Amino acid sequence: MRARMKKKQRQHWKLVFVNLILILVCFVTLIPILYAFSVSINEQNSLLASDFSFIPRNVTLQNYQKVFTEEPVVLWFKNSLVLAVSTVIISLGTGIPAAYIFSRRRFAGRKAILQLLILLYAFPSLLSMTALYKLLSPMGLINTKTGLIVIYTGTMAVFALWNMKGYFDTIPVEIEEAAKIDGASPVQIVLRIVLPLAKPTIAVTAMMVLIYVWNEYIFSINFMTGEQTYTLAAGLYSLQATETSGNWPVFAAASLLVSLPILIIFFALQKNMASGLTSGGVKG
């Protein structure tokens, strides 16, 4: 009896220790966010000054007001939203059917195509910059949202394919065979059985695509010129510009504000992202 009590106490203290470590890690990861918030409510642009204090001496919310009144952040938000939504829809619309086909069908060249796609995806995006510019320039897609959507979709559709294929491989084929015996058509099997089971991975894939487009900087700054066509990533860079001329409090305020939509969507999808194949099968 005493041995069991001692074992429970050891497990209890181990759990307390692990929780303390996790709380410490969470606090450390929040330091940059707290630092940005401190800068955003600082009345003075003293980020690089020797007298900078983590707790501002003069607190103000004018920097958040300047984000909407003095800078075209709303326009940048609209540009990024159009790019993100379009890329998510097209990437999932092409990646999910392709993933299902590659998971369930066996045809000549299947492995070669998958290996080629993952090989192309492995190369750094910077290597394709010149080639993409020469391809899009004759079609008049430089400095247009359509051109960026083509680039983003070409990248994230491959990611969606591989991510979804791995999940489809875990869905037992017997479930689909049982549905066929009950008279379900292939379309009904996909829409009513496979996709509901794959909801967690669809949510994760959509979230990853959204985060990629929302934060992408290299292509947006090189293929889009002018404040009217900037995305949020390119626009935020223009706010801080250089270490001496940038308005750091406004930059910090804008950075925090543009992160809110991603956080809201993440918490909205958290239930689907946390659920797995087993729970999806029980609900089905």
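First, a word on what this report is: a plain description of the structure on this page. Note that the structure is predicted; figures quoted are calculated from it, not measured.

**Quick word on unusual backbone geometry**
Turning to step 1, where the next piece is worked out: Look at N143: it is not a glycine, yet its phi comes out positive at around 65°.
Turning to step 2, where the next piece is worked out: With respect to the helices and strands, the residue N143 is situated in the loop between α5 (129–136) and α6 (145–168).
Turning to step 3, where the next piece is worked out: Overall, the relative accessible area of 30% leaves N143 in the partly exposed class.

**Observations regarding the packing of aromatic side chains**
Turning to step 1, where the next piece is worked out: In total, this model carries nine aromatic pairs according to the counting rule given.
Turning to step 2, where the next piece is worked out: Ring centres 5.6 Å apart and planes at 75° place the aromatic pair F266 and F267 in the edge-to-face group.
Turning to step 3, where the next piece is worked out: With relative accessibility at 32%, the residue F266 sits in the partly exposed group.
Turning to step 4, where the next piece is worked out: Look at F267 and you get exposed, because its relative accessible area is 53%.
Turning to step 5, where the next piece is worked out: Cluster of aromatic residues (ring-pair linked, three or more members): Y133, F219 and F223.

**Brief notes about the pattern of salt bridges**
Turning to step 1, where the next piece is worked out: Considering all chains together, one arrives at two salt bridges under this definition.
Turning to step 2, where the next piece is worked out: For the salt bridge of R104 with E176, the shortest nitrogen-to-oxygen distance reads 2.7 Å. Separated by 72 residues along the polypeptide, R104 in helix α3 (residues 73–104) and E176 in helix α7 (residues 173–181) bring together distant segments of the chain.
Turning to step 3, where the next piece is worked out: Taking the relative accessible area as the measure of exposure, R104 reaches 16% and is therefore buried.
Turning to step 4, where the next piece is worked out: Take E176: its relative accessible area is 5%, and that puts it in the buried class.
Turning to step 5, where the next piece is worked out: Where K165 meets D169, a salt bridge forms, and the shortest distance between an N and an O atom there is 2.8 Å.
Turning to step 6, where the next piece is worked out: Judged by its relative accessible area of 40%, D169 is partly exposed.

**Things to note about the nonpolar core**
Proteins that are soluble and globular tend to have nonpolar side chains buried together.
Turning to step 1, where the next piece is worked out: The biggest cluster of nonpolar side chains holds 51 residues, and the ones touching the most others in it are L148 and F168.
Turning to step 2, where the next piece is worked out: If one sorts the elements of this core by residue count, α6 sits on top with ten residues.

**Digging into the layout of surface pockets**
Turning to step 1, where the next piece is worked out: Approximately 480 Å³ is the volume found for the largest pocket.
Turning to step 2, where the next piece is worked out: Contributing elements (two or more residues each) for the lining of the largest pocket: α4 (110–122), α5 and α6.
Turning to step 3, where the next piece is worked out: Among the elements that take part in the lining of the largest pocket, α6 stands out by supplying five residues, more than any other.
Turning to step 4, where the next piece is worked out: Size it by volume and the second largest pocket reaches roughly 220 Å³.
Turning to step 5, where the next piece is worked out: Lining the second largest pocket we find I211, W214, N215, L232, A233, L236, S255, V258, S259 and I262.
Turning to step 6, where the next piece is worked out: Sorting the residues of the lining of the second largest pocket by element identifies α9 (199–215), α11 (232–240) and α12 (248–274) as the ones contributing at least two each.
Turning to step 7, where the next piece is worked out: Take the lining of the second largest pocket: its biggest share by element is four residues, from α12.
Turning to step 8, where the next piece is worked out: Among the residues making up the lining of the second largest pocket, the classes are represented as seven nonpolar, three polar and no charged.

Calculation rules
Residues numbered from 1 in each chain as written. Predicted model: local features only at pLDDT ≥ 70, side-chain atom pairs only at ≥ 80, totals over all residues. Heavy atoms only, no water. Helix = DSSP H or I, 4+ residues; strand = E, 2+ residues; numbered from the N terminus. Buried < 20%, exposed > 50% of the residue type's maximum accessible area, 1.4 Å probe, protein only. Phe/Tyr/Trp six-rings, centres within 6.5 Å; stacked < 30°, edge-to-face > 60°. Salt bridge = Lys/Arg side-chain N within 4 Å of Asp/Glu carboxyl O. Core = buried A, V, L, I, M, F, W, Y, C linked by side-chain atoms within 4.5 Å. 1 Å grid on protein atoms, 1.4 Å probe; cavity = no way out; pocket = protein on both sides within 12 Å on 5 of 7 lines; lining within 4 Å. Points joined across faces, edges and corners; volume = space filled by probe spheres on them. Nonpolar A, V, L, I, M, F, W, Y, C, P; charged D, E, K, R; others polar.

None of this, on its own, says anything about what the molecule does.
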